[in-house]
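This is what each chain is made of:
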Amino acid sequence: MIQIEKVNFFYGIQKALNNINLSVPQHSVMAFIGPSGCGKSTLLRLINRMNDLIDGTKMEGLITVDGMNIYDKKIDIETLRKNVGMVFQKPNPFPKTIFENVAYGLRVSGMSNATELKDRVENALIQAALWKEVEPVLHKNATNLSGGQQQRLCIARCLAVNPKIILMDEPASALDPISTSKIEELILELKLNHTIVIVTHNMQQALRVSDYTSFFYLGELIECNTTSEIFNNPKQDKTRNYVTGKFG
Amino acid sequence: MDAKRKQQVVFTAIKTMSFLVVAILVIILGFIFINGIQVISWDFLTKMPEDGMLKGGIFPAIVGTVCLIFGSMLFAFPIGVLSGIYMNEYLKEGPIKQFIRLMTDNLAGIPSIVFGLFGMAFFVNKLGFGDSILAGSLTLAILAIPVIIRTTEEALRSVDKTYREASYALGATKLHTIKKVILPIAFPNILTGFILSVGRVSGETAPILFTVAAYFLPKLPQSIMEQVMALPYHLYVMATSGTDIEKARPLAYGTALVLIFIVLICNLAANIIRNRYTKTKK
């Protein structure tokens, strides 16, 4: 479970998130929606401390994952990121073989036993519904795959290290409709064993895959509720205007 | 004059200038090739100079230049690449980084004769290496280091940041990310910089003038503390201060051709590596 309390975030002096309070229940899908620049990706990247990589940023407030304060000084960031995996907007497999891509996180964790690696890689690829397609080309370069396959490979790469939570930053926005629907099917399967937070520009997608939806606007969380409530019965005018396509 | 006409004139001017540049290069290369190819033979490449350097070959100069390339890169490559990694991956943007960059840029702009004098004062005299392959290699290394730092930095910077993020997101440390993801991707570009500086180092005369180059030494070096002949200096000697400059002229052209050939091979190799890399990336 992810708990976000009174979170403020700054890029330099610019405030990007203002007093965000939110929780994501275990084994559910939470969608972050809102117009560009509303802070949804920023918040997502706070959950695995990806924003630490950017100079001059400041975070206030509390974020806990399974009750553990992830911004505690004593926390091991590498362990956190193994628990909280991430899939990016642009498919970004390493220019290595398909096998080595999936094995990367495992090797990072120090796994070197060949049979164990092989099993885990196969398993991850099966979970990502990619195994059948890539089995014959496992040791070919991953950059030869199509965009949709690359993105499922990135999901497999993320799954291989057994994360509890998966963060997805517009995972299908660079993909064609067929690849997109494959990713969406995958999300629905993954939520049986994982907690998923997905940032999306596509409101139909939020409707199809998520249990809960949060609507952000100008760094504020305007409304957070079950997805059907947000789309059918929004409490805020801004939310209604956005989900009905009047602005955004 | 209407816009279309103006465009035509400007375009023609630009085209002429470009052709002029190519023409100059072709003329120089052609001139050296025609004059030099006459003396190129197996003997010329593998024999010692004879008869007051008017006959025989340039073998010791070729060996000397190869020693200097190898020696200088032994120092310059690791120092340059590690500094480049530090500059791009570890040092944050700020006054210190700006200062270091200013210094390396200035270092790259210093006339090579100054490096030669420094090499003589510091490596040859102060550290007591004497005129030797060691002193010459170190002097050439200082010349090459800024270039290698800069190309390494550029190579690392051009690695898409999504690869870094992907690696960090899988729980990798910074060092692991650099070693296993960033360096392999940047390597072809780093190698390109390396090869280009080999080309540069092999042709430099001034830095070796006071630190290693021998006027006439018809034997191969036995240790790194010995002097050697080197192609650029040999060329200089034959063109200006040989026993009979007119008679040595063809040999000088031959030497120039060998030198240019080494530099061209280096540049060609750099190009091939870069092209192959960009092709496989797409």
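Definitions and limits used
Residues numbered from 1 in each chain as written. Chains lettered and ligands numbered in written order. Predicted model: local features only at pLDDT ≥ 70, side-chain atom pairs only at ≥ 80, totals over all residues. Heavy atoms only, no water. Axes fitted to C-alpha atoms, helices over the stretch in contact; angles between N-to-C directions. Helix = DSSP H or I, 4+ residues; strand = E, 2+ residues; numbered from the N terminus. Parallel < 35°, antiparallel > 145°, perpendicular 65-115°, else oblique. Left-handed = near helix turned anticlockwise from the far one by under 90°. Contact = heavy atoms within 4.5 Å. Nonpolar A, V, L, I, M, F, W, Y, C, P; charged D, E, K, R; others polar. Pairing = 2+ DSSP bridges. Domains from an automatic or database assignment. Buried area = accessible area lost by both parts, 1.4 Å probe. 1 Å grid on protein atoms, 1.4 Å probe; cavity = no way out; pocket = protein on both sides within 12 Å on 5 of 7 lines; lining within 4 Å. Points joined across faces, edges and corners; volume = space filled by probe spheres on them. Salt bridge = Lys/Arg side-chain N within 4 Å of Asp/Glu carboxyl O. Polar contact = N/O pair within 3.5 Å; in protein donor to acceptor, adjacent residues only side chain to side chain.

### Focus: the packing of helix 4 (residues 114–127) of chain A against helix 6 (residues 147–160) of chain A
All names here are of chain A.
(1) Moving on: Interhelical geometry of helix 4 versus helix 6 gives an angle of 130° and a closest axis separation of 8 Å. Here helix 4 is positioned oblique relative to helix 6, judged by the angle of their axes. Crossing geometry of helix 4 relative to helix 6 is assigned as right-handed. Residues R120, A124, L125 and Q127 of helix 4 pack against L153, A156, L159 and A160 of helix 6.
(2) Moving on: Of the residues contributing to the contact of helix 4 with helix 6, the split by class is 6 nonpolar, 1 polar and 1 charged.

### What about the pairing of strand 4 (residues 57–65) of chain A?
All names here are of chain A.
(1) Moving on: Relative to strand 4, strand 1 (residues 2–11) is paired through 8 bridges, and the arrangement is antiparallel. Bridging across to strand 4, I2 finds its partner in V65.
(2) Moving on: As paired strands, strand 4 and strand 5 (residues 68–69) are joined by 2 bridges and run antiparallel to one another. What sits directly across from V65, in strand 5, is M68.
(3) Moving on: Linkage of strand 4 to strand 5, two consecutive antiparallel strands, is achieved through a turn of 2 residues, within which D66 is found at a positive phi near 50°.

### As for the environment of N21(A)
Residues and elements named next belong to chain A.
(1) Moving on: By secondary structure assignment, the location of N21 is in strand 2 (residues 14–24).
(2) Moving on: The spatial distance from the C-alpha of N21 to the C-alpha of K6 is 5.4 Å, given a sequence separation of 15 residues.
(3) Moving on: The residues contacting N21, other than those within four sequence positions of it, are I4, E5, K6 and L221.

### Description of the sheet that holds strand 10 (residues 220–226) of chain A
Residues and elements named next belong to chain A.
(1) Moving on: In space, the 6 strands of this open sheet follow the order 6-7-8-3-9-10, with mixed pairing throughout. Strands with a single pairing partner mark the edges of an open sheet, and in this sheet they are strand 6 (84–87) and strand 10. Taken over all neighbouring pairs, the strand axes of this sheet differ in orientation by 15° on average, direction set aside.
(2) Moving on: In this structure, strand 6 lies alongside strand 7 (residues 165–169), joined through 4 bridges in parallel fashion. Residue pairing across strands places M86 opposite L167, the latter belonging to strand 7.
(3) Moving on: Running over the sheet, helix 7 (residues 177–190) touches strand 3 (29–33), strand 7 and strand 8 (195–199) and is turned about 150° from strand 8.

### Examining the domain arrangement of chain B
All names here are of chain B.
(1) Moving on: Segmenting chain B into domains produces domain 1 (1–39) and domain 2 (42–281).
(2) Moving on: Placing the centre of domain 1 and that of domain 2 at their C-alpha centroids yields a distance of 30 Å.
(3) Moving on: Across the domain 1/domain 2 interface, buried area totals approximately 730 Å², and carbon plus sulfur atoms make up 87% of it.
(4) Moving on: It is L29, I32 and V39 in domain 1 that bury the most area against domain 2; as a group they hold 63% of the surface buried on that side.

### Let's talk about the packing of helix 5 (residues 112–126) of chain B against helix 6 (residues 133–157) of chain B
The relative placement of two packed helices is expressed as an angle between their axes plus a distance between the axes.
Residues and elements named next belong to chain B.
(1) Moving on: Helix 6 packs onto helix 5 with a crossing angle of 135° between their chain directions and a minimal axis gap of 9 Å. In terms of axis orientation, helix 5 runs oblique to helix 6. When the axes of helix 5 and helix 6 are compared, the crossing they make is right-handed. Contacts between helix 5 and helix 6 involve S112, F115, G116, F118, G119, F123 and V124 from the former and A135, L138, T139, I142 and L143 from the latter.
(2) Moving on: Classifying every residue of the contact of helix 5 with helix 6 by side-chain character gives 8 nonpolar, 4 polar and no charged.

### Overview of the layout of surface pockets
Unoccupied space between atoms shows up once a probe the size of one water molecule is rolled over them.
(1) Moving on: Computed from the structure, the largest pocket encloses a volume of approximately 970 Å³.
(2) Moving on: Along the walls of the largest pocket sit 34 residues, with D52(A), L53(A), I54(A), D55(A) and K174(B) positioned nearest its centre.
(3) Moving on: Looking at the lining of the largest pocket, the element that brings in the most residues is helix 7 (residues 161–169) of chain B, giving 4 residues.
(4) Moving on: As for the second largest pocket, its lining consists of 14 residues, and the residues nearest its centre are I40(B), L257(B), V258(B), F261(B) and I262(B).
(5) Moving on: Residue assignment for the lining of the second largest pocket shows that the elements contributing at least two residues are helix 1 (3–37) and helix 11 (245–281) of chain B.

### Focus on the sheet that holds strand 4 of chain A
The pairing of strands in a sheet happens through backbone hydrogen bonds and is either parallel or antiparallel.
(1) Moving on: Judged by pairing direction, the sheet is antiparallel, and its 4 strands sit side by side in the order 2-1-4-5 (chain A) without closing on themselves. This sheet does not close on itself; its edge strands, each paired only once, are strand 2 and strand 5 of chain A.

### Topic: the pattern of salt bridges
(1) Moving on: Counted by the stated rule, this structure contains 20 salt bridges over all chains.
(2) Moving on: A salt bridge links E184(A) to R208(A); the shortest N-O distance between them is 2.6 Å. In this pair, E184(A) sits in helix 7 while R208(A) sits in helix 8 (residues 203–209), placing the two residues 24 residues apart along the sequence.
(3) Moving on: Here E93(B) makes a salt bridge to K97(B), at a shortest N to O gap of 3.5 Å.
(4) Moving on: Here the residues in one salt-bridge network are R101(B), D105(B), R150(B) and E153(B), joined through shared partners.

### Things to note about the interface of chain B and chain A
(1) Moving on: Facing the 18 residues of chain B at the interface are 24 residues of chain A.
(2) Moving on: Here chain B and chain A share an interface that buries about 1800 Å² over both sides, 62% of which is from carbon and sulfur atoms.
(3) Moving on: If you sort the residues of chain B by the area they bury against chain A, E165(B), A169(B) and L170(B) come out on top, with a joint share of 34%.
(4) Moving on: Linking chain B to chain A there are 2 salt bridges.
(5) Moving on: The residue E165(B) makes a salt bridge to R45(A) at a minimum N-O spacing of 2.9 Å.
(6) Moving on: At the boundary of chain B with chain A, the tally comes to 5 residue pairs in polar contact (both at pLDDT 80 or more).
(7) Moving on: For the side of chain B that touches chain A, the elements supplying multiple residues, two or more each, are helix 7 and helix 8 (174–203) of chain B.
(8) Moving on: At 7 residues, the largest contribution of residues to the side of chain B that touches chain A is made by helix 7 of chain B.
(9) Moving on: Residue composition of the side of chain B that touches chain A, grouped by class: 8 nonpolar, 6 polar and 4 charged.

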